[in-house]
Each structure stands twice: as C-alpha cells, then as structure tokens.
Amino acid sequence: MTNSKPLAVRIRPKHLNDVYGQEHLTSNTGLLQRFVTSGRLLSCIFFGPPGSGKTTAAAILANELKLPLETFNAVTGNKKDLDAIFASARLNGQLVLIVDEVHRLNKDKQDLLLPYVEDGSVLMIGLTSMNPYFAINPAIRSRCILCEFKALNKVAMAKAIDRALIHEDSQIEIKVSYEAKEAIIDSSNGDVRMAFNILDALNIAYPKQTIGLEQLKELHIHGNLGFDRSDDGYYDALSGLQKSIRGSEVDAALYYLARLIIAEDLDSIERRLIVIAYEDIGLANPPLVARTLTAMDAAKRVGFPEAIYPLAVMVIDLALSPKSRSAINGLSKAMNEIKVHPLPVPEYLRLTPVGLAEMDRYDYDRDDLWNQIEYLPEGTQNIPFFTPQASSPYENTLINNLSVLNKIKRTHNIRQLKRMSK
C-alpha cells in the first residue's frame, strides 16, 4: 500500500551520518556525535532555517541514546499536554522532549517546564528558525546548549536528492536529469524539505518518467525565497539593506529592498528606513529624515504594488546621501560612561536642590549666562561624547557653533559667574 506521508518523513534518516549539510555537528568531532558516543545528552536549542534537519537530528539523538521521546508544540500545546509529559518523565526517570517553535513558549509554559529541565529529568531540544539571542527567553537559553543548523549547500542538497531517488522507502519512480536536479536545488534554496516536496509532486504528475526542465516549467514550481516575514532570513535581508545604505552601495540596497518587497511587509521596511535616516544619515543631511517620513507616508497610502515607487526613490536617496553617525555615537559613548561611572546630577541643576546657597542656585532669569554654565558632573567635563564628522555643510555649521561655545565656556568660571549674576 502506498504511504501517503511526505517524502521527507518516509525516508527520514535514522543515523546522524545521513543528516547532510551539518557536518560541524554530526561528524565524529561534532557535538551531536559526541553526545551519542558518550551516551550523555544535554538540553539544547537547535536553530536554523527550515528544512535543515533540526527535527530529524533531535529524533536521532533520542533513538541513539535509547531515551523515551515526546514532542510538544509551543503554540498549540497546553498545560494538560505538559502534565502528561512530566508524568512520563517521572515514570521513565528521563526523557527527550522536542519543543517545536520554542521561541513562542509563553511564560506559563516556561514556568512549568524549567524545573524539569533544571534537574535533567527532561532533556529539552528546542527547535526554532529564529535567532535564539533575540527570540529565546534568557531563562530557557541559559539552560541549553545552542546548536546552529545551516541551510544546505548545493553539494549537500545533491546528496540528499540522490539518496531520495534510490531509497527503498521513497516510493519515487521517476528519474531526474542533471539540469532538472540543478533547478530543483536552486529552487529549494538550501531547504531539503522543499526539494523533497518538489520530487513528490513530480512523482505524482509524471509517474515513471524522466524529469527535465520542461516538466518543471509545466508545474510552475517557484523558487523558495529563503525567508518570510517571521524568520531570520527576513531580518538578515533587513540588515543587508541597512548595511548597504550605510556603505553607499546603491545597487546592493535596491537588491535587498527588492527581496523585502516580495515579502510585502511594509511596516518593517518603514521602521528600518526611518531608523537608517536617523542613525546613519543623521546630521549629515537632516532634511532627508523628513523626506523619508513623507515617502513612507506615501507608500502606506497607496499600498503595494504602487508603494515600490516611493520606496525606490527613498532607498536611492538614502544610499547616496552623505553619512554621519556622530549623533548616535555620541549618545552611545555617554550611555557607556554612565554604566561605568554613574554620577549624581550637580546640585545646582537639580529640580529642588536642598541646602544650596541662593547665589549658587540655577538662575532662570539670566539667559545670557546659560551657555557658560558647566552642566556635566564633576569628573566628566573633559570627556568629549559628541565628536562631529564634518560630513556636510550642515554638520560643519554645527562644528563651528560648538567651537565658539567651547571657547566661551573655557574663559569663565561657573562659580564666579553665578555670583556675578546676583
């Protein structure tokens, strides 16, 4: 009888050696293989793109170590499911728990799970396509070993497809030409599950035939973009967009914008372009911030597909504009100084100073003296937080203003000025 399960399930590897593309984890020197060799397992987070073998590797570890295996979905699973898993752990002494979508595990479920992970009765293997440093709760992350799974390269994809075509349980009766196999690899973009789904579809559509490019075209099989708006690939593209604009590489900026537009998440694009305008362009071209806000308002008003027009104009404008990070660099330097040397606000600047002589209080009526007062706490006066970059005529104007103000301050003494003002 024909097995109706997907090809990826029908031929799921039973040994780590058959998990392609993750040799840094599965080879004799890899951590997962060492778990098997030593007979010991630790709780882990397996993170990486879809179709890279995370679920398969987790199941293999449980099987190789002869431990009971339970699964739990962080989204759909409930407290009753967890209670049953904990009862099984108490009965067996120890079990492996695969937690799918572990980044979506809410606090209530975490609170129930953590004590069992803590005492080792539950060896949790969390699966996620998200970056664990951003998406996983620190309480979970600190109790787990992080293992990165990578998108399969073309060599690994070719091995996986060849294995599928000859595997005794695959039920695949087609042959695939070299050109078609290359096209399947390109379309799958490192996702072996995607490649197997394509093979399954071809096997149904063209039983016992040799598959060429013509059959692929007839089925209108589209490539895997490599990300959607919820996984790391999407955020990598956002990062690529910002770094390309920062580097004034306009063609690269347009390339990453195109990838993001295909995902049609205008909100994320808007947030990133506004951040770029303030963070990377900054004082070099302040009017560009306003133009960015105007362009994004236009893009949201018209929506896709017409939104691509203001987006294209804006990204080109941002990429070719002069850049200055002096504002954010200055703030970051001040924040780091505060973390290392937290100091109180000078008494004469406090809202309601206590026990301060009248002559030493801040004078609200002498605006001619305001630019001559020392505002920094004692010990920080000689730290230049703001270092302008002379990136444009506008920032040069700020530099000149700063120079004049500094000269004025250097020629006066705050205590004397305050006494003179009385």
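Residue numbers run consecutively from 1 along every chain, following the written order of its sequence. Where totals are concerned, whole chains, interfaces and linings use all residues; where local detail is concerned, this predicted model gives features only for residues with pLDDT of at least 70, and gives and counts side-chain atom pairs only at 80 or more. Values reported for side chains reflect all heavy atoms of the structure, with hydrogen atoms and water molecules removed beforehand.

## Topic: the overall build of the protein
Reasoning step 1: Each helix is a run of H or I in the DSSP string that is no shorter than four residues. Each strand is a run of E no shorter than two, and both are numbered from the N terminus. Within the protein, the secondary structure is distributed over 20 helices and 7 strands.
Reasoning step 2: Among the 422 residues that make up the protein, the fraction classed as buried is 41%.
Reasoning step 3: A contact between two residues is defined here by any heavy atoms of the two lying within 4.5 Å. In the protein, 75% of the contacts between residues at least 6 apart in sequence involve partners at least 24 apart. Relative accessibility decides the category of a residue: with a 1.4 Å probe and only protein chains considered, values under 20% of the type maximum give buried, values over 50% give exposed, and everything between is partly exposed.

## Some remarks on the packing of helix α16 (residues 287-302) against helix α17 (residues 308-320)
Reasoning step 1: Where helices are involved, their axes are fitted lines through C-alpha atoms of the stretch in contact, as for all axes, and angles between N-to-C directions lie from 0 to 180°. The N-to-C vectors of α16 and α17 enclose an angle of 160°; their axes lie 9 Å apart at closest approach. Taken together, the axes of α16 and α17 lie roughly antiparallel to each other. Crossing geometry of α16 relative to α17 is assigned as left-handed. Residues L288, R291, T292, A295, M296, A298 and A299 of α16 form the contact with α17, whose participating residues are P310, L311, M314, D317 and L318.
Reasoning step 2: Three residue categories are used. Nonpolar comprises Ala, Val, Leu, Ile, Met, Phe, Trp, Tyr, Cys and Pro, charged comprises Asp, Glu, Lys and Arg, and polar comprises the others, including Gly. Among the residues forming the contact of α16 with α17, the class breakdown is 9 nonpolar, 1 polar and 2 charged. Working definition: roughly parallel below 35 degrees, roughly antiparallel above 145 degrees, roughly perpendicular at 65 to 115 degrees, and oblique for all remaining angles. Here a crossing is called left-handed whenever its near helix is offset anticlockwise from the far helix by less than a right angle, and right-handed whenever the offset is clockwise.

## Considering the sheet that holds strand β3 (residues 95-100)
Reasoning step 1: Taken together, 5 strands build an open sheet; the order of strands is β2-β3-β4-β1-β5 and the sheet is parallel. A strand with exactly one partner marks an edge of an open sheet, and here the two such strands are β2 (69-73) and β5 (145-148). Direction aside, the axes of adjacent strands within the sheet are offset by 20° on average.
Reasoning step 2: The pairing of strand β1 (residues 44-47) with β5 spans 4 bridges and is classified as parallel. Bridge pairing links F47 to E148 in β5. Two strands qualify as a pair provided that DSSP identifies no fewer than 2 bridges between them.

## Notes on the packing of helix α15 (residues 266-281) against α17
Reasoning step 1: Where α15 meets α17, the axes come as close as 11 Å, and the angle between the chain directions of the two elements is 25°. When the interaxial angle is binned, α15 and α17 end up roughly parallel. Crossing hand, α15 versus α17: left-handed. Each of L266, I269, L273, I276, A277 and I281 in α15 lies in contact with α17, whose residues at this interface are L311, V315 and L318.
Reasoning step 2: Split into classes, the residues belonging to the contact of α15 with α17 amount to 9 nonpolar, no polar and no charged.

## Here's the deal with the pattern of salt bridges
Reasoning step 1: By salt bridge we mean one thing: a side-chain nitrogen of Lys or Arg within 4 Å of a carboxyl oxygen of Asp or Glu. The full count for this structure, using the stated rule, is 13 salt bridges.
Reasoning step 2: Residues K107 and D111 are paired through a salt bridge, measuring 3.0 Å at the closest nitrogen-oxygen approach. Placement of the pair is K107 and D111 together in helix α6 (residues 107-119), with a separation of 4 residues, close to one helical turn.
Reasoning step 3: The exposed category is assigned to K107, whose relative accessible area is 58%.
Reasoning step 4: Its relative accessible area of 41% is what places D111 among the partly exposed residues.
Reasoning step 5: The shortest N-O distance in the salt bridge between E279 and R325 comes to 3.0 Å. Taken together, the positions of E279 in helix α15 and R325 in the loop between α17 and α18 (326-340) put the pair 46 residues apart, joining distant regions of the chain.
Reasoning step 6: With relative accessibility at 22%, the residue E279 sits in the partly exposed group.
Reasoning step 7: With relative accessibility at 25%, the residue R325 sits in the partly exposed group.
Reasoning step 8: Linked through salt bridges whose partners overlap, the residues forming this network are R246, E279, D280 and R325.

## Regarding the environment of L82
Reasoning step 1: In this structure, L82 sits in helix α5 (residues 79-92).
Reasoning step 2: Classification of L82 by relative accessible area gives buried; the value is 1%.

## Brief notes about the state of the cysteines
Reasoning step 1: Two cysteine sulfur atoms form a disulfide, by the criterion used here, when they sit within 2.5 Å. Under the defined criterion, the tally for this structure stands at 0 disulfides.
Reasoning step 2: Unpaired in this structure, C44 has its nearest cysteine sulfur neighbour in C147, at a distance of 4.3 Å.
Reasoning step 3: Its relative accessible area of 0% is what places C44 among the buried residues.
Reasoning step 4: Unpaired in this structure, C144 has its nearest cysteine sulfur neighbour in C44, at a distance of 7.1 Å.

## Notes on the environment of R104
Reasoning step 1: Summarising the element assignment, R104 is placed in the loop between β3 and α6.
Reasoning step 2: Sequence-wise, R104 and I136 are 32 residues apart; in three dimensions their C-alpha atoms are separated by 8.1 Å.

## Structural notes on the packing of aromatic side chains
Reasoning step 1: Between the rings of Phe, Tyr and Trp (Trp by its six-membered ring), a pair exists once the centres lie within 6.5 Å; its type follows the angle of the planes, with under 30 degrees stacked, over 60 edge-to-face, and the other angles tilted. Inspection of the entire model under this criterion finds 3 aromatic pairs.
Reasoning step 2: Both rings, one in F86 and one in Y116, keep their centres 3.9 Å apart while their planes meet at 5°; by these two values the pair is stacked. Here the residue F86 occupies a position in helix α5, and Y116 occupies one in helix α6, the gap between them amounting to 30 residues.
Reasoning step 3: The exposure class assigned to F86 is buried, which follows from its relative accessible area of 3%.

## Looking at the pairing of β3
Along any regular strand the residues' side chains alternate between the sheet's two faces.
Reasoning step 1: Of all 6 residues in β3, 5 are buried, a share of seventy percent or more.
Reasoning step 2: Taken together, the 5 bridges between β2 and β3 define a ladder with parallel strand orientation. Opposite E70, over in β3, you have L97 as the bridge partner.
Reasoning step 3: When the strands point away from the viewer and the connection leading from the first strand across the helix to the second strand turns clockwise, the crossover is called right-handed. Handedness of the β2-α5-β3 crossover: right-handed.
Reasoning step 4: In terms of strand pairing, β3 meets strand β4 (residues 122-128) through 6 bridges, oriented parallel. Within the sheet, the bridge partner assigned to L97 lies in β4 and is M124.
Reasoning step 5: As for the winding sense of the linkage, the β-α-β connection from β3 through α6 to β4 is right-handed.

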